[in-house]
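Below, each chain spelled out in residue letters.
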Amino acid sequence: MIDNFSIVLSHGLLLLAFWLLTRRDDLDREPPPEPDAEPQGFGATKRRQASRQDTLTDA
């Protein structure tokens, strides 16, 4: 009897949690990430130097 009660209780709580989570509207929407201001990582200094040289030669 106790085994059946514990199984029904645990599954009932899981169903309640699932039902409450599916009713939330904010789980389907996510704001887009903000773009990086400067490139970061491997080769970022080379890209900065190349872009500076391109602006100097254009002027």
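Structure report, in brief. Model, not experiment: these values are computed from the prediction. (Residues numbered from 1 in each chain as written. Predicted model: local features only at pLDDT ≥ 70, side-chain atom pairs only at ≥ 80, totals over all residues. Heavy atoms only, no water.)

This brings us to the overall build of the chain. Each helix and strand in the chain was counted, giving 2 helices and 0 strands. Within the chain, buried positions represent 2% of all 59 residues. Roughly 6,200 Å² of accessible area belongs to the chain as shown, and the carbon and sulfur atoms make up 61% of that amount. (Helix = DSSP H or I, 4+ residues; strand = E, 2+ residues; numbered from the N terminus. Buried < 20%, exposed > 50% of the residue type's maximum accessible area, 1.4 Å probe, protein only. Areas by Shrake-Rupley, 256 points an atom, 1.4 Å probe, with all protein chains shown as cover.)

A surface patch of nonpolar side chains, about 620 Å² in accessible area, is lined by Phe5, Leu9, Leu13, Leu16, Trp19 and Leu20. Relative to the assigned elements, leucine 9 resides in helix α1 (residues 2-22). Judged by relative accessible area, which is 43%, leucine 9 ranks as partly exposed. (Patch = residues over 30% accessible without salt bridge, like charges linked within 9 Å, V, L, I, M, F, W, Y side chains within 5 Å. Salt bridge = Lys/Arg side-chain N within 4 Å of Asp/Glu carboxyl O.)

Bear in mind that shape data such as this cannot, by itself, settle questions of function.
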